[in-house]
Amino acid sequence: MRSTAPRTVTAKTQGKRYYPTPALEKGLDILELFASTPEGMTVSEVARRLNRTMSEIFRMLLCLEHRGYLAQSANKDRYHLTLRLFRLGQEHPPTKRMVTEAMPVMHSVSYQLRQSCHLGVLDGSHVVILAQVDSPESTGFYVKVGSKVDLMHAATGHVILAHQTKDSCERAIEEWMRETDKKKPVDLDEHLEKIRGRGYERRASYEVTGVMNISFPVLNSQGNAIAGLTVPYVKRIEDTIGVPEVVEVLRKASQQISEAMGALPEGNAVPEIATAAKKARTKK
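These figures come from a predicted structure and were not determined experimentally.

About the thresholds
Residues numbered from 1 in each chain as written. Predicted model: local features only at pLDDT ≥ 70, side-chain atom pairs only at ≥ 80, totals over all residues. Heavy atoms only, no water. Patch = residues over 30% accessible without salt bridge, like charges linked within 9 Å, V, L, I, M, F, W, Y side chains within 5 Å. Areas by Shrake-Rupley, 256 points an atom, 1.4 Å probe, with all protein chains shown as cover. Salt bridge = Lys/Arg side-chain N within 4 Å of Asp/Glu carboxyl O. Lys, Arg positive; Asp, Glu negative; His and termini not counted. Charge placed at Lys NZ, Arg CZ, Asp CG, Glu CD. Helix = DSSP H or I, 4+ residues; strand = E, 2+ residues; numbered from the N terminus. Buried < 20%, exposed > 50% of the residue type's maximum accessible area, 1.4 Å probe, protein only. Phe/Tyr/Trp six-rings, centres within 6.5 Å; stacked < 30°, edge-to-face > 60°. Lys NZ or Arg CZ within 6 Å of the ring centre and 35° of its normal. Pairing = 2+ DSSP bridges. Axes fitted to C-alpha atoms, helices over the stretch in contact; angles between N-to-C directions. Expected span 1.5 Å × (residues − 1). Core = buried A, V, L, I, M, F, W, Y, C linked by side-chain atoms within 4.5 Å. Contact = heavy atoms within 4.5 Å. pLDDT = per-residue confidence, 0-100.

Draft legend 1. Broad picture of a negative patch on the surface. The grouping of Glu39, Asp167, Glu170 and Glu174 at the surface amounts to a negative patch. Among the secondary structure elements, Glu174 is positioned in helix α8 (residues 166–180). What makes Glu174 partly exposed here is its relative accessible area of 32%.

Okay, structure coming up:
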């Protein structure tokens, strides 16, 4: 476990230009401490672990809470880290790079499947759509870029939650509960476990009848989800492309985008997906 004691200036640091900024370093120490303590901490716990006085820590926590980096628990006795740092990371150029890498792949997906597809990320209690490609057909269903969907009503959100670390997932759910003032769905843990088991989300739309949302995670170099790639599948009359083909194409596309973002190459396709796709092709 990483030490949470105040940092000291190393010889390497002293060899460079260094100007101590105690307030900034104190704030960073607090953020790093909370990042390694998902259960949250009281003011006294933070002060003790950082070897600081209660008064100075209290002022820093109030400032960080005001800026949105920390939030208090429901009973006001503990602080915990919000997802503001995560959202700042989304605004960083790598997010723009992800969209740049994803767009050609998404156009290919749309062309192959004759369906629209979109790329979404977590944003507090919502999923926000970063990129979208229309179906080449004259009819179809799509979600507008910039749209926000409740995290608990989004296949994209569920597939992201299911492929993050336990701590990150819990923080996202807690922020959703705090912002919406709702209780955690009773079947959420079981649902996320099923998604992890098959590697993707597939279920009827929470908001539109006749739409089947199929969503795969986009992973980073640590194997954690940073986005979700989704096809809102609409079955047309005489359509020869079914769900198994959508799953197979989307799996390959999400892996391609993930590798562009630093994820390791995937060794094998998900067995049941490959089998289903093969059977579907055999029937044609």
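Draft legend 2. Geometry of unusual backbone geometry. Of note in the backbone geometry, Asn51 takes a positive phi value of approximately 55° without being a glycine. By the secondary structure assignment, Asn51 is in the loop between α3 (43–50) and α4 (54–66). Residue Asn51 is classed as exposed on the basis of its relative accessible area of 68%.

Draft legend 3. Highlighting the packing of aromatic side chains. Enumeration over the complete set of coordinates arrives at one aromatic pair. Pairing Tyr200 with Phe216 gives two aromatic rings, centres 4.8 Å apart and planes at 10°, and the pair type is stacked. Residue Tyr200 is located in the loop between α9 (188–198) and β6 (201–204), and its partner Phe216 is located in strand β7 (residues 211–219); the two are separated by 16 residues in the primary sequence. Over the ring of Tyr69 we find Arg84; its NZ or CZ atom is 5.1 Å from the centre of that ring. Over the ring of Tyr111 we find Arg114, and its NZ or CZ is 5.4 Å from the ring centre.

Draft legend 4. View of the pairing of strand β3 (residues 117–123). With seven of seven residues buried, β3 is to be regarded as a mostly interior element. A two-sided burial pattern is seen for β3, the buried positions comprising Cys117, Leu119, Val121 and Asp123 on one face and His118, Gly120 and Leu122 on the other. Pairing of β3 with strand β4 (residues 126–133) involves seven bridges; the strand directions are antiparallel. Each residue of the ladder has a partner; that of Val121, found in β4, is Val128. If you look at the hairpin formed by β3 and β4, you'll find two residues sitting between the two strands, and Gly124 has a positive phi there, around 65°. Here β3 pairs with strand β8 (residues 225–234) via three bridges, running antiparallel.

Draft legend 5. Focus on the sheet that holds strand β5 (residues 148–150). Spatially, β5-β4-β3-β8-β7-β6 is the arrangement adopted by the six strands of the open sheet, whose pairing is antiparallel. For this open sheet the edge positions go to β5 and β6, each flanked by a neighbour on one side alone. Recorded for the sheet is a direction-independent mean angle of 30° between the axes of neighbouring strands.

Draft legend 6. α8, seen in detail. End to end, α8 covers 21 Å across 15 residues, agreeing with the expected 21 Å (1.5 Å per residue, within 8%). Listing the buried residues of α8 in full gives Cys169, Arg171, Ala172, Ile173, Glu175 and Trp176. The first or second residue beyond α8 is Asp181, which carries a positive phi of 60°.

Draft legend 7. Expanded view of the nonpolar core. Leu119 and Ile214 are the most contacted members of the largest nonpolar core, which has 30 residues in total. The set of elements that each furnish at least two residues to this core consists of α6 (93–113), β3, β4, β7, β8 and α10 (243–260). Residue contributions to this core peak at seven residues, all from α10. If near-sequence neighbours (up to four positions away) are discounted, Ile214 is found in contact with Tyr200, Glu201, Arg202, Leu229, Thr230, Val231, Tyr233, Val243, Val246, Val247 and Leu250. Listed in part, the 21 residues of the second largest apolar core include Leu83, Val149, Trp176 and Ile195.

Draft legend 8. Structural detail: the confidence of the model for the chain. Looking at the chain, the pLDDT average stands at 84 and 84% of residues meet or exceed 70. Taken element by element, the chain is modelled with least confidence in helix α11 (residues 271–283), mean pLDDT 40, and with most confidence in helix α7 (residues 155–162), mean pLDDT 96. Confidence over residues 1–6 falls short of pLDDT 50; this stretch has 10 contacts with residues more than four positions distant or in other chains. Note that residues 268–284 has pLDDT below 50 and, in this model, 19 contacts with residues that lie over four places away or in other chains.

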